[in-house]
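Structural description and commentary
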Amino acid sequence: MVPERRALALGALILGAAIAWLVIDLRVVTDIAHFLPDGAAADEVHLAREIAAGELGRTMVVLVDAPDTATAVAASRSFEAALREEPRVAAELAFLDAGPPSGLEEALWAIYEPRRFGFLAVDAESARERLAPAALADAATELKRKLATPMSSLLSRVAPGDPLLILPTLFERLMAGRGEGLGITEGRFVTADGRAAVMFLATHSPASDGTKQRPFLAGLEAAFARVDDEFDGTLTLGMSGTNRFAVRAESAIRGDIQRVSIGSTIGLVFFLLVVFRSLRLVVLVLPVVGSAFVAGALACQWLFGHVHGLTLAFGAALIGVTIDYAVHFHCHHAFAPDPNGPRATLRGIWSPLVLGAATTVTGFLALMVSAFPGLRQLAVFAVFGILGAVLATRVFLPGLAARSAKPTRVGCAIVAGMRAVLEVRASRRRWLWLPLGLVIAIAGIGLPQLRWNDDIAALNRLDPELLAADAAVRDRVVRYEQGRLVVALGADEEAALAVNDEVARVLDEAVASGKLTSYRSLSALVPSAARQRAVDHVVRNTPGLWAATRDAFVAAGFVAEAFEPFRSALAAEPPAPLVPGDLASTPLEPLARPFRITLDDRVGFVSFLHGLVDPAALQAAVETVPGGRLVAIEGALTTAYGAYRERMLQLWLIGLAGVLGLVLLRHRAVRPTLMAWGPAVAAAAGTLGLLALCGVELNMLSLVALLMVVSMGVDYGVFLTENHREERRLSATHLAVAVAGISTVLGFGLLALSEQPPLRSIGLTSGVGVLLCLVLAPTVCAALARPPQSEAGGETSP
């Protein structure tokens, strides 16, 4: 027993260290983007990933409602100070904008005043129209009108060098850039009604990183609670941000993991106590299950840098699978023990146990080449989890098992019942084909009615209350569509800006024709260098412009000498065009920040839409611009999902073929191969047919669950095939398959009760499939196998 004790001590030490490492280093994410394909050819899928993970996805809108505008402004200042002092917020805060940056007017003047001529119009032709004599007369009249308004002091300083009011017009457009529901009071952003302060803030970490976002949101709410106390509880906090949904989803998934783990554990302990009347099997199971979960989680953390919440929930349900090895060992130790002790008993079943594990690993290896990071992670968890369970079985079970074990009354009753059903006379053996016939009939009727749901929204349950609160905030401030936007792509920054200029022209036409209410674009702030040069060239080289301008403004009552700075500017050398980098680290940077994205080696600029009336017409118009795209994020992902599901089905079939090849290589004969592999395939087809008949829509994760069904079914078939020739071993195998199948159905059945659609899909598909495997594997194997012989009577070949 000394080697067993050494193995136990070493195994316990390694398992304890792995658990400690996992507790310290584990990072859980819940971003549904992990179940979006990467490496896709479609730009829309890439764009969706960039938008989800980029600054747009990390930005929050925060409202502080107050009794009046003065209180809202005061609360805004106090809240900003509290947020910057709160450690949990300050550590993650990428930026916080609660009002126009200080020095905005000075920066606007310093950056745009020398380049103002390039911003006169959207193109050279429009610039010429602005410089026509009639247009100059209108400009003089407009300047005279505005000098009679409260803006006169500012305009009197600007007009001598800018009589066409290029800079004031640009400033007005920039101030409208945040959203139509936004105003400015005493240097702070407020809603249009003046009753709420508005803040825009973003985190360094992705919105899906629950490990970082949970304390950030907790710190934000704590800071608000302190400010609210200062204002006698008169304030109300409103928030909009993807991170809130991610944290809520992670909490829900953690709850599901806890329920599945606790429910599975309690159910399994109760079931094992009923069947085996001993806690020893529970002791045998724990290190195997724990090793499987820890090995899978550590492999994912090491390879991906994080573990998705869905992967952890899947791992919790994997308890029902990894328990099989301990169950098979204990049943053989009780019903067909080796006289030389537990290690010899384990050695006797090691070959089918390893083959069963190998078939499961082979099936999931096919998912390793999936285009979906989330599915690759599920595959990694399953592969390393199964390998960890097999290794733990070898290390822990011989040392933890009693020297001998006796069959229990309940166990004997289960074995006797299965033998009564399965070991029938030859004349009645045809009835064993009845379950398979029924399953085939169900598959034949149901498969033509099978429906796939490729909607990305179906993979993520959004809390209705949180969704309503989020929409309420955005409706008051950011009235632009979240799911559809226009993207201008180019090989480099200048090319992308040129495309963005053309996109802005198309959007202007859409607004004019009533197809679109409004839009936001970087085009007004930073047009392409080529456009700036073209417009600037028209201004500086229009013959007689100074004389025409002088005459138009003198006719309106102005003094000609007042506009000498304009005359000097026309004669000066043109400055270098403005580029986005010129705005970096200036008060104007926040105005340009939301528009830029990157896509592989290309640059993109987005335009935000409001009031889109005719999407089809706008899409057709935008597509006339090379590099322009109208991206409907959810629709693009749904289309991509349909295409990638076909690829996933191919991978599933490859995995199925790999399992068949492994079994065939082991047995090198048709009959035992069909015994081991056939029931699993029939169960998978029956599962699809039954779910289709019940009106259940399937998704890509259903294919993952079906892979689990086939793997489990082949496991049962392998054990029955390997042990069907000897009576005692077959009895032990019958009991092990029954106990393993029921425990697996219990684990995945609890997962089917989850509120999260992906977990529910995996649980329902796996639970139904494993149940069918539990019925088909023993009956088909009994129908194909020759009757077993007693130990004294020798063995028969398949």
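An account of the accompanying structure is given in this report. (Residues numbered from 1 in each chain as written. Predicted model: local features only at pLDDT ≥ 70, side-chain atom pairs only at ≥ 80, totals over all residues. Heavy atoms only, no water.)

**Side note on the overall build of the protein**
- A count of helical and extended segments in the protein gives 31 helices and 13 strands.
- In the structure as shown, the protein presents an accessible area of about 32400 Å², 61% of it carried by carbon and sulfur atoms. (Helix = DSSP H or I, 4+ residues; strand = E, 2+ residues; numbered from the N terminus. Areas by Shrake-Rupley, 256 points an atom, 1.4 Å probe, with all protein chains shown as cover.)

**Some points on the pattern of salt bridges**
- Under the criterion given, the structure shown has 24 salt bridges.
- Between aspartate 582 and arginine 115 there is a salt bridge, with the nearest N and O atoms lying 3.8 Å from each other. With aspartate 582 in the loop between helix H24 (564–571) and helix H25 (589–592) and arginine 115 in the loop between helix H6 (104–112) and helix H7 (124–130), this residue pair connects regions lying 467 residues apart in the sequence.
- Residue aspartate 582 is classed as partly exposed on the basis of its relative accessible area, which comes to 32%.
- With its nearest N and O atoms 3.4 Å apart, the salt bridge here joins arginine 550 to aspartate 551.
- On the basis of relative accessible area, arginine 550 is assigned to the partly exposed category, the value being 32%.
- For aspartate 551, a relative accessible area of 45% puts it in the partly exposed group.
- If you follow the salt bridges from partner to partner, you end up with Asp65, Asp193 and Arg476 in one network. (Salt bridge = Lys/Arg side-chain N within 4 Å of Asp/Glu carboxyl O. Buried < 20%, exposed > 50% of the residue type's maximum accessible area, 1.4 Å probe, protein only.)

**A look at helix H19 (residues 434–446)**
- The terminal C-alpha atoms of H19 lie 18 Å apart, and with 13 residues this matches the ideal 18 Å at 1.5 Å per residue to within 8%.
- Of the positions making up H19, those classed as buried are Leu436, Val439, Ala443 and Gly446. Buried residues along H19 cover an arc of 105 degrees about the axis, so they all sit on one side. Of the exposed residues in H19, the ones pointing more than 90 degrees away from its buried face are Gly444 and Ile445. (Expected span 1.5 Å × (residues − 1). Arc of directions from axis to C-beta.)

**Quick look at the packing of aromatic side chains**
- All told, the structure shown has nine aromatic pairs when counted by the stated rule.
- When the centroid spacing of 5.8 Å and the interplanar angle of 70 degrees are considered together, the rings of phenylalanine 558 and phenylalanine 563 count as edge-to-face. Of the two residues, phenylalanine 558 and phenylalanine 563, neither departs from the other in class, the shared state being buried.
- Each member of the aromatic cluster is reached from another via a ring pair, and the members are Phe553, Phe558 and Phe563.
- Seen from the ring of tryptophan 350, arginine 394 lies directly overhead, with NZ or CZ sitting 4.6 Å from the centre. (Phe/Tyr/Trp six-rings, centres within 6.5 Å; stacked < 30°, edge-to-face > 60°. Lys NZ or Arg CZ within 6 Å of the ring centre and 35° of its normal.)

**Remarks on the pairing of strand S6 (residues 196–203)**
- Counting buried residues along S6, eight of its eight residues qualify, which places the element largely inside the surrounding structure.
- Neither face of S6 is exposed, since Ala196, Val198, Phe200 and Ala202 on one face and Ala197, Met199, Leu201 and Thr203 on the opposite face are all buried.
- Examined bridge by bridge, strand S2 (residues 59–65) and S6 share seven bridges and lie antiparallel to one another. Each residue of the ladder has a partner; that of valine 61, found in S6, is phenylalanine 200. (Pairing = 2+ DSSP bridges.)

**Examining the packing of helix H11 (residues 210–230) against helix H12 (residues 242–276)**
- Where H11 meets H12, the axes come as close as 9 Å, and the angle between the chain directions of the two elements is 110 degrees. In terms of axis orientation, H11 runs roughly perpendicular to H12. The interaxial crossing formed by H11 with H12 has left-handed handedness. Every residue of H12 that contacts H11 at Gly210, Thr211, Gln213, Arg214, Phe216 and Leu217 is listed here: Asn243, Arg244, Val247, Glu250, Ser251 and Arg254.
- Each residue belonging to the contact of H11 with H12 can be placed in one class, and the counts come to three nonpolar, five polar and four charged. (Axes fitted to C-alpha atoms, helices over the stretch in contact; angles between N-to-C directions. Parallel < 35°, antiparallel > 145°, perpendicular 65-115°, else oblique. Left-handed = near helix turned anticlockwise from the far one by under 90°. Contact = heavy atoms within 4.5 Å. Nonpolar A, V, L, I, M, F, W, Y, C, P; charged D, E, K, R; others polar.)

**Thoughts on the pairing of strand S11 (residues 596–599)**
- Where burial is concerned, the two faces of S11 differ: the one with Ile597 and Leu599 is buried and the one with Arg596 and Thr598 is not.
- Two strands pair when backbone bridges link them, and S11 and strand S12 (residues 602–610) are joined in this way by four bridges, in the antiparallel orientation. Each bridged residue has a counterpart across the sheet, and for arginine 596 the counterpart in S12 is phenylalanine 605.
- The hairpin formed by S11 and S12 contains two residues between the paired strands, and aspartate 600 there has a positive phi angle of roughly 55 degrees.

**Here's the deal with the packing of helix H30 (residues 727–751) against helix H31 (residues 757–784)**
- Following both chains from N to C, one finds H30 and H31 inclined at 160 degrees, their axes separated by 7 Å at the closest point. Here H30 lies roughly antiparallel to H31, going by the angle between them. When you trace H30 past H31, the crossing you get is left-handed. Residues Val737, Ala738, Gly741, Ile742, Thr744, Val745, Phe748 and Leu751 of H30 form the contact with H31, whose own contacting residues are Leu759, Arg760, Ile762, Gly763, Ser766, Gly767, Val770, Leu771, Leu774 and Pro778.

**Quick notes on the side chain of serine 528**
- Topologically, serine 528 is positioned in the loop between strand S10 (518–520) and helix H22 (529–541).
- Not counting the four nearest positions on each side in its chain, serine 528 is found in contact with Glu494, Leu497, Ala498 and Asp501.

**Here's the deal with a nonpolar patch on the surface**
- A grouping of Trp302, Leu303, Phe384 and Leu387 is seen on the molecular surface, where their side chains present a nonpolar patch of about 460 Å² in accessible area.
- Its place among the elements puts tryptophan 302 in helix H13 (residues 280–304).
- Judged by its relative accessible area of 68%, tryptophan 302 is exposed. (Patch = residues over 30% accessible without salt bridge, like charges linked within 9 Å, V, L, I, M, F, W, Y side chains within 5 Å.)

**With respect to the nonpolar core**
- Of all hydrophobic cores here, the largest spans 119 residues; its most connected members are Leu272 and Phe364.
- The dominant element in this core, judged by the number of residues it contributes, is helix H29 (residues 700–723), at 16 residues.
- Not counting chain neighbours up to four residues away, the residues in contact with phenylalanine 364 comprise Phe314, Ala379, Ala382, Val383, Val704, Leu707, Met708 and Ser711.
- In this structure, Ala127, Ala556, Phe563 and Val603 belong to the second largest nonpolar core, which totals 57 residues. (Core = buried A, V, L, I, M, F, W, Y, C linked by side-chain atoms within 4.5 Å.)

**Quick word on unusual backbone geometry**
- The phi dihedral of aspartate 232 is positive, around 60 degrees, even though this residue is not glycine.
- Secondary-structure assignment places aspartate 232 in the loop between H11 and strand S7 (236–240).
- Looking at aspartate 232, the relative accessible area reads 69%, which means it is exposed.

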